[in-house]
Amino acid sequence: MSVDAKYKTSATASGGGRDGKTSLADGTLELQLVVPKELGGPGGDGANPEKLFALGYSACYLGALRVGAQQLKTKVPDGSTVNATIGIGPRSEGGFGITAELEVYLPGMDEAEAQKLVDITHGICPYSNAIKASVDVPTKVRT
């Protein structure tokens, strides 16, 4: 598979990784990272890779819904939202893995049409495409 990347960005992590900081090369964002209590860290204020993944996936999927809607000759209703829930934990095969769940709210849209839109969007969204071989992404659709 090849990708003709039209946009690239770069970030650098420093410190202890999950308990350091991360910043974008262009200087537009810098975040303090904190290991969650559930993973043996102190918790508290700060970001972590799972929070960043959830932010990116929800935003990307909402944008991809608009592309899918164009293909289906429909519109994404005003007030639509995507909630991404990302988890991390040990894998039965060793190492760690992530989980992902999406809740898509398409107010007032016909349920069958909404489900069709969500199904097609998984083939459009770069995040869905990036993880589909290793992560099952259950998706709840609300209208």
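What comes next concerns the included structure. Here the structure is a predicted model, which is why all the values come from computation and not from measurement.

1. Looking at unusual backbone geometry
For K73, which is not a glycine, the phi torsion comes out positive at approximately 60 degrees. Note that K73 resides in the loop between helix 1 (49–71) and strand 4 (81–90).

2. Notes on the sheet that holds strand 6 (residues 139–142)
Here three strands make up an open sheet; going across it, the order is 4-5-6 and the pairing mixed. What marks the edges here is a single partner per strand, and that holds for strand 4 and strand 6. Along the sheet, successive strands turn relative to each other by an average axial angle of 15 degrees, direction set aside. With four bridges joining them, strand 5 (residues 96–105) and strand 6 adopt parallel strand pairing. Each residue of the ladder has a partner; that of E103, found in strand 6, is K140. Seen against the sheet, helix 1 touches strand 4 and strand 5 and runs at an angle of roughly 145 degrees to strand 4.

3. Things to note about the sheet that holds strand 1 (residues 11–14)
Ordered in space as 1-2-3, the three strands form an open sheet in which the pairing is antiparallel. The open sheet has two free edges, formed respectively by strand 1 and strand 3 (30–32), since each of these has just one partner strand. This sheet shows a mean twist of 15 degrees between the axes of neighbouring strands, independent of strand direction.

4. Comments concerning the packing of aromatic side chains
Within the structure shown, the criterion is met by four aromatic pairs. When the ring of Y57 is compared with that of Y127, the centres are 5.5 Å apart and the planes differ by 15 degrees; the resulting orientation is stacked. One end of the pair, Y57, is in helix 1; the other, Y127, is in helix 3 (residues 126–131), and 70 residues separate them in sequence. When its relative accessible area of 0% is taken as the criterion, Y57 is described as buried.

5. Some remarks on the packing of helix 1 against helix 2 (residues 111–121)
Interhelical geometry of helix 1 versus helix 2 gives an angle of 115 degrees and a closest axis separation of 9 Å. By the criterion of interaxial angle, the relationship of helix 1 to helix 2 is roughly perpendicular. For the element pair helix 1 and helix 2, the recorded crossing hand is right-handed. Across from Y61, A64, L65, G68, A69 and Q71 in helix 1, the residues of helix 2 making contact are L117, V118, I120 and T121. Split into classes, the residues belonging to the contact of helix 1 with helix 2 amount to seven nonpolar, three polar and no charged.

6. A look at the pairing of strand 1
Direction of pairing for strand 1 relative to strand 2 (residues 21–24): antiparallel, over a ladder of four bridges. Paired with A13 across the two strands is T22, which belongs to strand 2.

7. Considerations on the side chain of T121
Mapped onto the elements of the fold, T121 is located in helix 2. Accessibility expressed as a relative area gives 0% for T121, which makes it buried. A polar contact of 2.7 Å, which involves the side chain of T121, links it to the backbone oxygen of L117. In this view, T121 contacts Y61, A64 and L65; residues no more than four positions away in its chain are not counted.

Conventions and cut-offs
Residues numbered from 1 in each chain as written. Predicted model: local features only at pLDDT ≥ 70, side-chain atom pairs only at ≥ 80, totals over all residues. Heavy atoms only, no water. Helix = DSSP H or I, 4+ residues; strand = E, 2+ residues; numbered from the N terminus. Pairing = 2+ DSSP bridges. Axes fitted to C-alpha atoms, helices over the stretch in contact; angles between N-to-C directions. Contact = heavy atoms within 4.5 Å. Phe/Tyr/Trp six-rings, centres within 6.5 Å; stacked < 30°, edge-to-face > 60°. Buried < 20%, exposed > 50% of the residue type's maximum accessible area, 1.4 Å probe, protein only. Parallel < 35°, antiparallel > 145°, perpendicular 65-115°, else oblique. Left-handed = near helix turned anticlockwise from the far one by under 90°. Nonpolar A, V, L, I, M, F, W, Y, C, P; charged D, E, K, R; others polar. Polar contact = N/O pair within 3.5 Å; in protein donor to acceptor, adjacent residues only side chain to side chain.

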